[in-house]
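The lines below spell out each chain.
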Amino acid sequence: MCIVYLIAFLFSLTSEQCSSKLIEDSSQSFMERMHSGKTSFIYFGNHVLLAVNPTIKLFMEQLEMSADALQDYGISVVKVNCSKDAIANYCTGEKLMTKAYLFRGSEVLRSFDIDTVFDVNAIVSHVLFSVLFNEVRYVHTPAELLRVESAAKQNSDIVVGHIPVLGLPEHRALMEAAFVYGTKYQFVQTTGTLVLKHMGVVDLSSSEARLWFFHCKAVSRRSDPCPSTPMRKPLNTINIHTFLQLMEAPLVTEAVLDPSEVDVVHMHLGVPVLYVFSQPQTQHLDQATAQTLALQLRGEVGVVLIHRDSPSVKTLLKYNAAYRLPQEDVKYFTLNSAEGVVKLFKELLQEHKLEDEEEDEEHWSDLDILDDEVSESVYRDRDLMLDLESVIELTSDTFQTTVTQNDITVVLFYFKWDAVCMAFIQSYIEVADELEGMNGVELAAVNCGEWTDICSDQNVTSFPTVLIYRPMAAAQLYRGMLGTKSLHRFILLSLVSCPTHLSSSAEVRSFLEGDLYSKHVYLTPVRVLGLFSSTHDMGITSFEEAARLLRGETILGLFAHKEAEQWVEALSVNLPALLVSRGPGVPYEVYSLPSSSPTDLVSLIKQVELDHFPELTVENLPWYLELEKPLLLLFIGKEDSTESMKALAEIKRPLSSGQLDSFLPCWIHLGRTPVGRSILEKYLGFVPPLPVLVMSWLKTGGEVFLFPPERPLMAKNILQWVHDVENRQEQPAGLIPDGKWGPPVPFFDFLAIMDQEVPTYAAQRAPKMKTGGREDHREQEHVTPNQRQTPHPSPNPQAPRQHSEL
C-alpha cells in the first residue's frame, strides 16, 4: 500500500508540473541559474520523503502558490529534488528539507527555516523584504526613525508601517507596496512598541498593523518636524494604494461649480467629500477654515472650497457647507464651527465602519462574490490552469527575433494582477488554438510585470494591449472588442492585402461580387472600392494610408485606371469616388471621395460601411450613434419567431422607399445582445412582450415613445405612429436617465511608478539590447496622451464614445 501511495503521489506531482509556475531544477539548470544573475527562491528537498511528512507536503503546496505571486516581481521559485540531483553544500546535512534559500545569482541573500515561511503570505513578504533590504529601512527605536526623517526632509516622503507579526497578510501588503512605490517614497518597517509610543498610540497591547505617511518632502526648514497622517483603515493592498493616492491629492481643491458637478479623485476612491462655500468678502477666512478642516480630516475626507462669486454656483445662500458620502447624493448644512464638522464626519465614518463590519459578518460565507463582474469571473476561475502552449511567452532576448520572422505576429501585452488582462487571456488562448498551424501567423504574449523594458520600448501604457507586427512595417494597434470572435476576425482580415490593387474592370467586378476573397464573406460581406482616374491622382496616397489604418477591420480595393470612369458615368458622382458592395444582388452605392487626411478618410469609410437597417451590438453601437438620428428601435426575441421576422419585414418596407430617412431604423436581438433587455427596462421601467418597437429621441430631453402594443406592427401603422410622434400627438412612455459613464477610478500606471527614477527597478532581466530600426518602424498612432488616464484603448481612434442615451 505504501508503494501504491508513493507512486500515486509522484504521479500527481508530475501532472501538476505542467501548469505550475514552480520550477524543478536539475544539476545542470541549477548551475546555469547560478550564473544568470537573477533572483531565485530555492528549496532543496528529498522528494521521496515528502509523502510521509505532512509538514513538508503542506509547505510544498504553499511554495507552489507563491511561485505565481513572486513571478510578478521577477523572482523565480525553484525546487531541487536532492534524491535525483545532489547539489553540493545544499543536499546534505541535517538542514536538508528544513531550509529554503534566496539567491541572487550564486550569492545567498538569506536562508529561511520553513517554519518562518509557513504560507504564501509569509514567503512573499519575507522574500520581498530581503530583496528590498537596502530600500526598506528597519527601525527599532524612535531615535532611528528620527534619523530617517532627518535624511528625508525636502527630498522624499516616508511611509512607516508597524507590523506586529512578520509573515502575515499585512506584512505582505506592506512589502508589495514598497516594491511598487519604493522609488517614490522611503519605506520604513518596525515591529516594536517603542515607535508606537513615539507615534502617540495609547493601546500598545493591540495586535493591529498600522501605517503612517510622513510629509517630509514639503518641509520648508530642516529644523521643522515632518507632519504625519495615520491610515485609519485595515492594512491591505487596496487600502494602502487608496491611502497613498489620497496623500498625493491636493489638500484643498478649489472649484467654481455646484457640489454635484465637482469631480475630485476622492469620489473615485470611495472617500467622503466636504464642500465649504467661500464668500468674496470672507475669502481668506474661508480658505483658512478649509485648510484647517483638511488637515484634521486628511486621509479620510476630501475638502473642496467652492467660490460663490461664480454664476455656476446656484446653491441657496442659507447653506455654507455640504458633504457627499460614497454612492450618495450631496447633503447641505450650515457650518457653525470647525469642531462641529470634524465631529460630524467622525460619527459618519464610525457608522460607515460599523456597517461594513456588519456586512462582512453577514456575507462571511460569500467571500467569493466581488463587485466587479470581470474581477469576480477571474477570481472564480482562479484554480483553472490556462494552457499557454499555443502562445509564445516573449522575453527581452526573443522579442525582436519573433516579431520579424513571421508574416504576422500578434502580441498581447498584459499584467498578471489585472482582472481584465486575465479574463482576456482566456479569449486570446482560444484564438491561438483556432489559428494553430496557420502558416505565417504567430500569437505571443509579454508579461509587462516582468519585462518592463519591452513594454516601455513599444510605448504600451494601457493594458491589455494587442499589437500586430509585420516585417518592415509599423506596429498596428488592435482596437476591437476584447473577445474571441472579434480578435479572430481581425487577425483573419489582417491577412488580406489592404488595399487590394485592381488592374481591370473584370477584377473590379470579381472584387465587388465577392468572388475575390470569397472565403472572407462570412467575416464581412461589405467591400469598399476606391475609384481614381489615374495612378497619378494625389488622393491615392491618403487612401492607401487610410486602408493601412483599417487593415483587419474591412476589405478595401483600389482601382486607379481610365476605366474607372465607366463605373460612375451613369451616376451623379465624379471621380474620385467610393463604391460600396454589400454582396451579390444588392445594388452598389456610390459616394464622392473628397481630398482629405487619412484619418478623415477612415471615418468616411467606416460611415459608408454602415448598414441602413442594422442590428445594434455593443461593438457597432458608437458608429450608429454618431449619425445623431432618432432611433426607431425594434426589440426582438428568438430568431425563429414568426412575429419578430414579420416586424422586421414591415419596417424594411418604408425604409426601402425612403420614408424613414430622417430616422435610424435598427433592431436588437436580445438573444445575441442580452444587454438589450436592460436597455428596454431602463427605457420603459418594465419589459413588455416581444417584439416591441420604440422611438428614442436623443436630443429632445431623452423621451422614449412606445408603439401601441394593441396595434398590429404593419408598415402603414408604423408610419402613422411616427407621424403622430413627430407632431407631438403621442405621449412619451419613458425618459432616458441623464447619466455619464466613466471608469470607476483613474487609471494607475504601475510601470511608470516603478521605472520613473530607476528604469531597471521593476524586473530582474539582462541588459537591454537595442536593435536598429525599431524606433523608426514603431507606429505612433497607437499611443495617445489620453491613454495614460484611461484603462483601455477605445475600440477605434475615430469612433465616438458610447452615449448614455442607449
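Parameters and conventions
- Residues numbered from 1 in each chain as written.
- Predicted model: local features only at pLDDT ≥ 70, side-chain atom pairs only at ≥ 80, totals over all residues.
- Heavy atoms only, no water.
- Buried < 20%, exposed > 50% of the residue type's maximum accessible area, 1.4 Å probe, protein only.
- Helix = DSSP H or I, 4+ residues; strand = E, 2+ residues; numbered from the N terminus.
- Pairing = 2+ DSSP bridges.
- Right-handed = clockwise from strand over helix to strand, strands pointing away.
- 1 Å grid on protein atoms, 1.4 Å probe; cavity = no way out; pocket = protein on both sides within 12 Å on 5 of 7 lines; lining within 4 Å.
- Points joined across faces, edges and corners; volume = space filled by probe spheres on them.
- Nonpolar A, V, L, I, M, F, W, Y, C, P; charged D, E, K, R; others polar.
- Contact = heavy atoms within 4.5 Å.
- Axes fitted to C-alpha atoms, helices over the stretch in contact; angles between N-to-C directions.
- Parallel < 35°, antiparallel > 145°, perpendicular 65-115°, else oblique.
- Left-handed = near helix turned anticlockwise from the far one by under 90°.
- pLDDT = per-residue confidence, 0-100.
- Phe/Tyr/Trp six-rings, centres within 6.5 Å; stacked < 30°, edge-to-face > 60°.
- Expected span 1.5 Å × (residues − 1).
- Polar contact = N/O pair within 3.5 Å; in protein donor to acceptor, adjacent residues only side chain to side chain.
- Disulfide = S-S within 2.5 Å.
- Core = buried A, V, L, I, M, F, W, Y, C linked by side-chain atoms within 4.5 Å.

J.: Whenever I open this one, the pairing of strand S13 (residues 302-307) confuses me. Can you help?
T.: As a general feature of sheets, a regular strand has side chains that alternate between the two faces. Counting buried positions along S13 yields 6 of 6 residues, so the element is predominantly enclosed. Side chains of S13 alternate between two faces, with Gly-302, Val-304 and Ile-306 and Val-303, Leu-305 and His-307 buried alike. With 4 bridges connecting them, strand S11 (residues 252-255) and S13 associate as parallel partners. Bridged to Val-252 within S13 is Val-303. As defined by bridge partners, strand S12 (residues 273-278) adjoins S13 across 6 bridges and the pair is classed as parallel. What sits directly across from Val-276, in S13, is Leu-305. In terms of handedness, the path from S12 via helix H10 (residues 283-296) over to S13 forms a crossover that is right-handed.

J.: Can you walk me through the pairing of strand S19 (residues 465-469) in this structure?
T.: Counting buried positions along S19 yields 5 of 5 residues, so the element is predominantly enclosed. Residues Thr-465, Leu-467 and Tyr-469 of S19 are buried on one face, and the alternating residues Val-466 and Ile-468, pointing to the opposite face, are buried as well. The pairing of strand S17 (residues 408-414) with S19 spans 5 bridges and is antiparallel. Bridge pairing links Val-410 to Ile-468 in S19. In this structure, S19 lies alongside strand S20 (residues 476-477), joined through 2 bridges in antiparallel fashion. Bridged to Ile-468 within S20 is Gln-476.

J.: How do you make sense of the layout of surface pockets when you look at a structure like this?
T.: To locate leftover empty space, one rolls a probe as large as a water molecule over the atoms. In this structure, the second largest pocket encloses a volume near 1700 Å³. When residues of the lining of the second largest pocket are assigned to their parent elements, the largest contribution, 6 residues, is made by helix H16 (residues 484-494). Considering only residue class, the lining of the second largest pocket consists of 20 nonpolar, 11 polar and 12 charged.

J.: Can you help me understand the sheet that holds strand S29 (residues 703-706) in this one?
T.: Within a beta sheet, neighbouring strands are joined by backbone hydrogen bonds and run either parallel or antiparallel to one another. Pairing is mixed in the open sheet, where 5 strands are placed in the order S27-S26-S28-S29-S30. Each edge of the sheet is formed by a strand with only one pairing partner; in this case those strands are strand S27 (664-669) and strand S30 (734-735). One ladder, built from 2 bridges, connects S29 with S30; its direction is antiparallel. Residue Glu-703 lies in a different strand from S30, and its bridge partner there is Leu-735. On the sheet, helix H22 (residues 675-684) packs against strand S26 (631-636), S27, strand S28 (692-696), S29 and S30 and is oriented at approximately 120° with respect to S26.

J.: When you look at the packing of helix H3 (residues 54-71) against helix H4 (residues 120-131) in this model, what are you seeing that I'm missing?
T.: Describing two packed helices takes the angle between their axes plus the distance from one axis to the other. Following both chains from N to C, one finds H3 and H4 inclined at 50°, their axes separated by 8 Å at the closest point. When the interaxial angle is binned, H3 and H4 end up oblique. Seen from above, H3 lies across H4 with right-handed handedness. In contact with Phe-59, Gln-62, Leu-63, Met-65, Ser-66, Ala-69 and Leu-70 of H3, H4 contributes Val-120, Ile-123, Val-124, Val-127 and Leu-128.

J.: Looking at this structure, I do not really get empty space enclosed by the protein. What am I missing?
T.: Taken as a whole, this structure holds 4 cavities of 30 Å³ or more when the rule is applied. The space that makes up the largest cavity amounts to roughly 100 Å³.

J.: Any chance you could explain the sheet that holds strand S22 (residues 527-532) here in plain terms?
T.: The sheet built from 5 strands is open, its strands ordered S21-S23-S22-S24-S25 with mixed pairing. Only two strands of the sheet have a single neighbouring strand rather than two, namely strand S21 (500-502) and strand S25 (589-592). Shown here is a sheet whose adjacent strand axes are inclined to one another by a mean of 25°, direction ignored. Bridge count between S22 and strand S24 (residues 577-581): 5 bridges; the pairing is antiparallel. Across the sheet, residue Val-528 finds its bridge partner in S24, namely Val-580.

J.: Sorry, what's going on with the confidence of the model for the chain here?
T.: For residues with low pLDDT, the predicted coordinates do not support detailed interpretation. The share of residues in the chain with pLDDT of 70 or more is 80%, and the mean pLDDT across the chain is 79. In the model, residues 1-18 has pLDDT below 50 throughout and makes 11 contacts with residues more than four positions away in sequence or in other chains.

J.: How should the packing of aromatic side chains be read in this particular structure?
T.: By convention here, two paired aromatic rings are described through the distance between centres and the angle between planes. This structure, assessed with the given rule, holds 28 aromatic pairs. Between Tyr-319 and Tyr-332, the ring centres sit 5.6 Å apart and the planes meet at 35°, which makes this aromatic pair tilted. Taken as a pair, Tyr-319 in the loop between S13 and strand S14 (321-324) and Tyr-332 in strand S15 (residues 330-333) lie far apart in primary sequence, 13 residues in all. An angle of 70° between the planes, with centres 5.8 Å apart, marks the rings of Phe-532 and Phe-543 as edge-to-face. Of this pair, Phe-532 sits in strand S22 while Phe-543 sits in helix H18 (residues 539-549); the two residues are 11 residues apart in sequence, bridging distant segments of the chain. Taken individually, Phe-532 and Phe-543 each receive the classification buried, so the pair is uniform in this respect.

J.: Looking at this structure, how should I read helix H8 (residues 237-248)?
T.: Two residues of an α-helix separated by three or four positions point the same way, owing to the 3.6 residues in each turn. Spanning 12 residues, H8 covers 17 Å between terminal C-alpha atoms, matching the ideal 16 Å at 1.5 Å per step. Of all the residues in H8, the buried ones are Asn-239, Ile-240, Thr-242, Phe-243, Leu-244, Gln-245, Leu-246 and Met-247. Where the residues of H8 are buried, they touch strand S7 (158-162), helix H6 (169-181), strand S9 (210-214), strand S10 (228-231) and helix H9 (265-268). Two or three places before Ile-238, at the start of H8, stands the capping residue Asn-236, its side-chain oxygen 3.3 Å from that residue's backbone nitrogen.

J.: Is there a simple way to think about the state of the cysteines in this case?
T.: Enumeration over the complete set of coordinates arrives at 3 disulfides. Disulfide pairing is shown between Cys-82 and Cys-91; the S-S distance is 2.0 Å. Negative torsions about the S-S bond denote left-handed disulfides, and the value of about -65° found for Cys-82 with Cys-91 makes this one left-handed. As far as burial versus exposure is concerned, Cys-82 and Cys-91 are alike and both buried. Here Cys-216 pairs with Cys-226 through a disulfide, and the sulfurs are 2.2 Å apart. Residues Cys-216 and Cys-226 are joined by a disulfide whose S-S torsion is about 125°; by sign, that bridge is right-handed. Placement of the pair is Cys-216 in the loop between S9 and S10 and Cys-226 in the loop between S9 and S10, with a sequence separation of 10 residues. When its relative accessible area of 8% is taken as the criterion, Cys-226 is described as buried.

J.: Is there a simple way to explain the nonpolar core in this structure?
T.: Within soluble globular proteins, side chains that are nonpolar generally end up buried alongside one another. Phe-399, Val-411, Phe-413, Leu-443, Val-446, Leu-529 and Leu-531 are the most contacted members of the largest nonpolar core, which totals 61 residues. At 9 residues, helix H14 (residues 419-435) tops the list of elements feeding residues into this core. Filtering out sequence-adjacent residues up to four positions away, Phe-413 remains in contact with Phe-399, Val-446, Cys-448, Ile-454, Cys-455, Gln-458, Val-460, Phe-463, Pro-464, Thr-465, Leu-467 and Tyr-469. With 52 residues, the next largest nonpolar core counts Phe-59, Val-131, Met-175 and Val-271 among its residues.

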